[in-house]
Amino acid sequence: MNPRKYTDAQRAERHRASNRAWYATGGDVWSQMKQRCYNPKHKKYRLYGAQGVTVCARWRHSFKNFLSDMGERPGSGYSIDRYPDKTGNYKPGNCRWATDVEQNRNRDFNHDITHSGKTQCLSAWAQEIGVSHSTIGERLRRGWSEHRAVTESPHVN
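All figures in this text were calculated on a predicted structure; none of them were measured in a lab. (Residues numbered from 1 in each chain as written. Predicted model: local features only at pLDDT ≥ 70, side-chain atom pairs only at ≥ 80, totals over all residues. Heavy atoms only, no water.)

Caption draft 1: The arrangement of the overall build of the chain in detail. Across its full length, the chain carries 8 helices and 4 strands. Listed by position from the N terminus, the elements making up the chain come as α-α-α-α-β-β-α-β-β-α-α-α. For the chain, buried positions account for 31% of its 157 residues. Accessible area for the chain stands at about 10,500 Å²; split by element, carbon and sulfur atoms hold 48% of it. (Helix = DSSP H or I, 4+ residues; strand = E, 2+ residues; numbered from the N terminus. Buried < 20%, exposed > 50% of the residue type's maximum accessible area, 1.4 Å probe, protein only. Areas by Shrake-Rupley, 256 points an atom, 1.4 Å probe, with all protein chains shown as cover.)

This is how it looks when you write it as structure tokens:
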């Protein structure tokens, strides 16, 4: 039997295995990233390409380069995040694999607070210091400085 001839079942399994590898490594993320930036018919183009967000040439034209720079996706719960510059382009040094929580903390509408050289959103500070995000938010609304809002412990009655 010619080793190049495969049954339909064997071809189907090879195709499924190839698709699993594509998704596991982040191929779908790479493809969607490009679509958001360059396809005006994509549902999220207005938030990316229409805003001037681009994919560097190294990644735009080569999944191999993207994979080499980003590494494989750590798991199905991860997507690409533009970080540390959330308004920047998709390029090495400005992208990471991020969970939904990390993605949500890296949004334009979040209130970022810098304390002791560390910048993170209000929710991340709240988690770190052990208070609710509404506590920090209320402190800021009352005119507290950002420093005081994230360093003062809650009053114990």
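Caption draft 2: Main features of helix H4 (residues 63-70). Among all positions in H4, only Phe-63, Phe-66 and Met-70 are buried. Taken around the axis of H4, the buried residues stretch over an arc of 60°, which confines them to a single face. The outward face of H4, more than 90 degrees from its buried face, is lined by the exposed residues Lys-64 and Ser-68. Of the residues one or two after H4, Gly-71 is the one with positive phi, at around 80°. (Arc of directions from axis to C-beta.)

Caption draft 3: Main features of the packing of aromatic side chains. Applying the stated rule across the entire model yields 5 aromatic pairs. Pairing Trp-59 with Phe-66 gives two aromatic rings, centres 5.1 Å apart and planes at 85°, and the pair type is edge-to-face. Residue Trp-59 is classed as buried on the basis of its relative accessible area, which comes to 0%. One aromatic cluster is present, built from ring pairs that chain together Trp-30, Trp-59, Phe-63, Phe-66 and Trp-97. (Phe/Tyr/Trp six-rings, centres within 6.5 Å; stacked < 30°, edge-to-face > 60°.)

Caption draft 4: Structural context of the side chain of Gln-103. Relative to the helices and strands, Gln-103 resides in helix H5 (residues 100-104). At 2.8 Å, the side chain of Gln-103 and the side chain of Ser-79 are in polar contact. Of the polar contacts made by the side chain of Gln-103, one reaches the backbone oxygen of Ile-80; its length is 2.7 Å. (Polar contact = N/O pair within 3.5 Å; in protein donor to acceptor, adjacent residues only side chain to side chain.)

Caption draft 5: View of the packing of helix H6 (residues 122-129) against helix H7 (residues 133-141). The N-to-C vectors of H6 and H7 enclose an angle of 115°; their axes lie 8 Å apart at closest approach. Read as a crossing pair, H6 and H7 show a hand that is right-handed. Contacts from Leu-122, Ser-123, Trp-125, Ala-126 and Ile-129 of H6 reach H7 at His-133, Ile-136, Gly-137 and Leu-140. Looking at the contact of H6 with H7 residue by residue, the class counts come to 6 nonpolar, 3 polar and no charged. (Axes fitted to C-alpha atoms, helices over the stretch in contact; angles between N-to-C directions. Left-handed = near helix turned anticlockwise from the far one by under 90°. Contact = heavy atoms within 4.5 Å. Nonpolar A, V, L, I, M, F, W, Y, C, P; charged D, E, K, R; others polar.)

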